[in-house]
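So the chains spell out like this:
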Amino acid sequence: MSTWLSKWAPASGVLAAVLVAIAFFAGPNSPGSDATGAQVIAWYGSHHTSDFVSDLIGGLAVLFLVLFAVALARQVRTGDRWLANGALAGAVFGGVGFLTSVGFDTVLAQDHNHLTTASAQTLNLLENDFFLPILVGFALFGILAGLAVVVGRILPKWMGWVMFAFGLACLAGPIGFFGLLATLLWVLVAGIWMVKQGPPVSEGVTLPVKDHIAV
């Protein structure tokens with residue numbers, strides 16, 4: 001069981017990236033931050049079911065992203081573990097920020113009939129503009145995961161530097177959102193790569209050698 005989990009746990013990164021893509025691009029487009037309270041209530045009255053399903057998919061994506069970060073941390077060699085543990089913390093931090101934003105959207109989808117126009121507009125503003133914790137979390141995840149790959153010999157070094165650049169891009173103002181999407185694309189590719197190559201052999205483990213009988 002442990003061997004099976006070690007091999008297939010990185011596939012959670014593939015699931016995370018696919019689910020985020022579904023939640024972002026297949027879900028309904030919610031009102032912008034400039035929408036009035038009445039417009040927000042009317043939109044969620046018409047799209048509350050599909051929007052709630054999209055929120056659930058986003059929540060599952062966060063779950064699988066954290067599982068991928070755990071798998072990444074497990075495969076880093078002991079001497080470089082602090083980098084991978086920091087990347088895991090970044091994934092958790094960004095995931096909590098994302099779930100908070102999704103939570104605002106879920107309240108609108110589930111309770112739109114009980115909201116005043118002022119409270120609906122406030123929640124819609126928060127859902128649209130509560131992005132700083134998400135970007136900071138993904139930046140931490142990208143930067144430290146990239147360095148962990150460079151020094152931890154999990155994947156090719158160039159993949160580590162690419163992830164490092166994506167992490168920095170999350171903090172680069174207007175292109176931060178694209179840095180986030182690029183980070184998730186990296187997670188998808190890295191998940192496939194890690195499953196294909198299998199878990200690394202521990203440094204303390206030696207491969208069996210056939211005994212030779214002297215004649």
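What you are looking at is a predicted structure, and each value in this text was computed from that prediction instead of being measured.

Colleague: Mind showing me how you'd approach the packing of aromatic side chains here?
Modeller: One pair of aromatic rings is described through two measures. These are the centre distance and the angle between the planes. What the rule picks out here adds up to seven aromatic pairs. Taking 6.2 Å as the distance between ring centres and 65 degrees as the angle between the ring planes, the aromatic pair formed by tryptophan 158 and tryptophan 193 counts as edge-to-face. Here the residue tryptophan 158 occupies a position in helix α7 (residues 157–169), and tryptophan 193 occupies one in helix α8 (residues 176–197), the gap between them amounting to 35 residues. Given a relative accessible area of 31%, tryptophan 193 falls into the partly exposed group. Centre to centre, the rings of phenylalanine 177 and phenylalanine 178 are 5.9 Å apart; their planes meet at 75 degrees, and the pair counts as edge-to-face.

Colleague: Just to check I follow, could you spell out the packing of helix α4 (residues 81–111) against helix α6 (residues 132–152) for this structure?
Modeller: Geometrically, a packed helix pair is captured by the angle between its two axes and the distance between the axes. One way to put it is that α4 packs onto α6 with a least axis distance of 7 Å and a crossing angle of 160 degrees. Considering the angle they form, α4 stands roughly antiparallel to α6. Between α4 and α6 lies a crossing whose hand is left-handed. In this structure, α4 uses Leu83, Ala84, Gly86, Ala87, Gly90, Ala91, Phe93, Gly94, Gly97, Phe98 and Ser101 to contact α6, whose residues at the interface are Pro133, Ile134, Val136, Gly137, Phe138, Leu140, Phe141, Leu144, Ala145, Leu147, Ala148 and Val151. Classifying every residue of the contact of α4 with α6 by side-chain character gives 17 nonpolar, six polar and no charged.

Colleague: Explain the environment of alanine 17 here, please?
Modeller: With respect to the helices and strands, alanine 17 occurs in helix α2 (residues 11–26). Each C-alpha atom, one on alanine 17 and one on valine 62, is 9.4 Å from the other, the two residues being 45 residues apart in sequence. Ignoring sequence-local partners within four residues, the contact set of alanine 17 consists of Leu184 and Leu188.

Colleague: Sorry, what's going on with the side chain of histidine 112 here?
Modeller: Within the secondary structure, histidine 112 is located in the loop between α4 and α5 (117–129). For histidine 112, a relative accessible area of 8% translates into the label buried.

Colleague: Can you help me understand the nonpolar core in this one?
Modeller: Generally speaking, a soluble globular protein has its nonpolar side chains buried in company with each other. Phe141, Leu155 and Trp186 are the most contacted members of the largest nonpolar core, which has 37 residues in total. Elements that contribute at least two residues to this core include exactly α2, α3 (37–75), α4, α6, α7 and α8. For this core, the element with the most residues is α6, which contributes nine residues. Once residues within four sequence positions are removed from consideration, phenylalanine 141 is found in contact with Leu65, Phe68, Ala69, Ala87, Gly90, Ala91, Gly146, Met163, Thr183 and Val187. Counting 10 residues, the second-largest nonpolar core is a separate cluster that includes Ala35, Phe104, Leu108 and Leu115.

Colleague: Got a minute to help me understand the layout of surface pockets in this structure?
Modeller: The gaps of empty space that remain are located by a probe, the size of a water molecule, rolled over the atoms. When its volume is computed, the largest pocket comes out at roughly 790 Å³. Lining the largest pocket are 33 residues; nearest its centre among them are Phe24, Phe98, Ser101, Glu127 and Phe177. Those elements giving two or more residues to the lining of the largest pocket turn out to be α2, α3, α4, α5, α6 and α8. By residue class, the composition of the lining of the largest pocket is 19 nonpolar, 10 polar and four charged.

Colleague: Can you help me understand a nonpolar patch on the surface in this one?
Modeller: Side chains of Phe24, Phe25, Ile175, Phe177 and Phe178 sit close together on the surface and give an oily, nonpolar patch of about 540 Å² of accessible area. Turning to its location among the elements, phenylalanine 24 is positioned in helix α2. According to the relative accessible area criterion, phenylalanine 24 is partly exposed, its value standing at 33%.

Colleague: How do you make sense of the environment of alanine 182 when you look at a structure like this?
Modeller: By secondary structure assignment, the location of alanine 182 is in helix α8. Of the residues examined, alanine 182 reaches a relative accessible area of 16% and is grouped as buried.

Colleague: What should I look at first to understand α3 in this one?
Modeller: One turn of the α-helix equals 3.6 residues, which is why residues spaced by three or four share an orientation. Here α3 spans only 49 Å end to end across 39 residues, well under the 57 Å set by a 1.5 Å rise per residue. In α3, a bend of some 75 degrees at histidine 47 exceeds every other bend along the element.

Parameters at a glance
- Residues numbered from 1 in each chain as written.
- Predicted model: local features only at pLDDT ≥ 70, side-chain atom pairs only at ≥ 80, totals over all residues.
- Heavy atoms only, no water.
- Phe/Tyr/Trp six-rings, centres within 6.5 Å; stacked < 30°, edge-to-face > 60°.
- Helix = DSSP H or I, 4+ residues; strand = E, 2+ residues; numbered from the N terminus.
- Buried < 20%, exposed > 50% of the residue type's maximum accessible area, 1.4 Å probe, protein only.
- Axes fitted to C-alpha atoms, helices over the stretch in contact; angles between N-to-C directions.
- Parallel < 35°, antiparallel > 145°, perpendicular 65-115°, else oblique.
- Left-handed = near helix turned anticlockwise from the far one by under 90°.
- Contact = heavy atoms within 4.5 Å.
- Nonpolar A, V, L, I, M, F, W, Y, C, P; charged D, E, K, R; others polar.
- Core = buried A, V, L, I, M, F, W, Y, C linked by side-chain atoms within 4.5 Å.
- 1 Å grid on protein atoms, 1.4 Å probe; cavity = no way out; pocket = protein on both sides within 12 Å on 5 of 7 lines; lining within 4 Å.
- Points joined across faces, edges and corners; volume = space filled by probe spheres on them.
- Patch = residues over 30% accessible without salt bridge, like charges linked within 9 Å, V, L, I, M, F, W, Y side chains within 5 Å.
- Areas by Shrake-Rupley, 256 points an atom, 1.4 Å probe, with all protein chains shown as cover.
- Salt bridge = Lys/Arg side-chain N within 4 Å of Asp/Glu carboxyl O.
- Expected span 1.5 Å × (residues − 1).
- Bend = angle between axes of the 7 residues up to and from the residue.

Remember, this is a structural readout, not a statement about activity or role.
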